[in-house]
Amino acid sequence: MLRARGLPGGRAATAAQALCHGDLTGFTTHGLTNLARLYLPLLDSGRCDPRAEPETVTDTGAAVLLDAHRALGLWAAAEAMDLAVERARTHGLGMVSVRGGTHFGCAGFHALRAVGHGMIGLATANCGHQRLVPPPGGAAPMLGTNPLALASPAGDHPPFTLDMSTTVVPTGRIRAAARAGETIPPGWLTDADGAPVTDPAAYDRGEAQLRWLGGDPEHGAHKGFGLGLLVEVLSALVSGSGVGPQPAAGKTPTARPDDDVGYFLLAVAPSALRSPADVATAATGLFGALLDCPPHRPDEPVRYPGWHEQRRTRERTAHGVSLAPALHAELRAVADAAGLAFPDAVPSGGAV
């Protein structure tokens, strides 16, 4: 589908891999469900250039600034992390700042690209000009969901991968619940008076707002808000990309498209500072100690972010990913419209 929209083969393959990462790891709100609902419309509208070629604006060796020129973020952020890894081999760390980007999918996919080289990867993205969430105590949205991810080798154990939005949940979780006709837990959305909203459809009707990680101000909303600003600083101020908070933002509180998104990709090579064997031994001990922590319930052992994702990836790579019937039908319709073959459904417990 991406090649049919004009993407070169290699970059289309990277983008497809980034998209499927969501389904393999369990972050299904950032997986194939976004092909027809986000990425194809982004390309068809002209907001994303399928043949864009990132341009180097500044290069200091360890740090690079790129202009993505509206490239598809699924591959542009991946290539930027690969460049950061390349520079980290020489300098011990490599930082690539990107402006002019588009939605880049799962932040964890990009951070994990450093782990395969024995490095630590950090990936952040703001939401460009998009404004979805007000500051604590504010009446007008100012920031996006501003995701971040950090991935690290864990020695003999699955990589540590923290992949998160800085709001309680990303917008994809809200919209998935709305499509399924489900209610959501109190604490994900609030109305203008701060009261909980459990109807996910209220979000797209403009009747509810996302909450920062931490929830109420009394329980740490300033921490989620602070993390959102951290991502905005790293992703937008460093690169010069679009930002949400602007002097006129309070006067025009409606959300705007997430154009001119900024990325921050950092690769750190611990082996440049100390013996690779020492790093691996320490990582094995660190994450092994967490896994060996006595649990409250014997049937619920202690795990860390990334452990479950690797297990799901192994299982789903071997046995396939179940698709909701509605998503299967949606993808088939897209394939049929493009004249492409698509697998028939294989019923399996309400999914296909």
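As a reminder, the structure under discussion sits directly above these lines.
Predicted, not measured: the structure shown is a model, and the values here were computed from it.

*Asks:* How do you make sense of the pairing of strand β6 (residues 157-164) when you look at a structure like this?
*Replies:* A regular strand places its side chains on the two faces of the sheet in alternate fashion. Within β6, 6 of the 8 residues are buried, which leaves it mostly tucked inside the rest of the structure. Hairpin connection from strand β5 (residues 148-154) to β6: 2 residues lie between these consecutive antiparallel strands, with Gly155 at a positive phi of about 65°.

*Asks:* It is not clear to me how the sheet that holds strand β7 (residues 189-190) should be interpreted in this structure. Could you clarify?
*Replies:* Backbone hydrogen bonds hold the strands of a sheet together, and the pairing may be parallel or antiparallel. Across the sheet, 3 strands lie side by side as β8-β7-β9; this open sheet has antiparallel pairing. Single-partner strands in this sheet number two, and they are β8 (196-197) and β9 (209-210). Bridge count between β7 and β9: 2 bridges; the pairing is antiparallel. Looking across to β9, one finds that Thr190 is bridged to Gln209.

*Asks:* Honestly, the pattern of salt bridges in this entry has me stumped. Any pointers?
*Replies:* By the definition in use, this model includes 16 salt bridges. Here Asp258 makes a salt bridge to Arg47, at a shortest N to O gap of 3.0 Å. Within this pair, whereas Asp258 is found in the loop between α7 (221-237) and β10 (261-268), its partner Arg47 is found in the loop between α2 (33-44) and β1 (55-59), the two being separated by 211 residues in sequence. Given the relative accessible area of 14%, Asp258 is considered buried.

*Asks:* Got a minute to help me understand the packing of aromatic side chains in this structure?
*Replies:* Here the structure, examined in full by the defined rule, presents 4 aromatic pairs. Aromatic pair Phe287 and Tyr304: ring centres 4.8 Å apart, planes at 50°, arrangement tilted. Note that Phe287 is positioned in helix α8 (residues 276-291) and Tyr304 in the loop between α8 and α9 (307-319), a separation of 17 residues in sequence. Assigned by exposure class, Phe287 and Tyr304 land together as buried. A cation over an aromatic ring shows up here: Arg303 above the ring of Trp307, its NZ or CZ 4.0 Å from the ring centre.

*Asks:* I would appreciate a short explanation of the pairing of β5 in the present structure.
*Replies:* Of all 7 residues making up β5, 5 are buried, and the element is well covered by its neighbours. Relative to β5, strand β4 (residues 120-125) is paired through 4 bridges, and the arrangement is antiparallel. Following the sheet pairing, Thr124 is matched in β5 by Leu148. Relative to β6, β5 runs antiparallel, the two being bridged by 6 bridges. Residue pairing across strands places Ser152 opposite Phe160, the latter belonging to β6.

What counts, and at which threshold
Residues numbered from 1 in each chain as written. Predicted model: local features only at pLDDT ≥ 70, side-chain atom pairs only at ≥ 80, totals over all residues. Heavy atoms only, no water. Buried < 20%, exposed > 50% of the residue type's maximum accessible area, 1.4 Å probe, protein only. Helix = DSSP H or I, 4+ residues; strand = E, 2+ residues; numbered from the N terminus. Pairing = 2+ DSSP bridges. Salt bridge = Lys/Arg side-chain N within 4 Å of Asp/Glu carboxyl O. Phe/Tyr/Trp six-rings, centres within 6.5 Å; stacked < 30°, edge-to-face > 60°. Lys NZ or Arg CZ within 6 Å of the ring centre and 35° of its normal.

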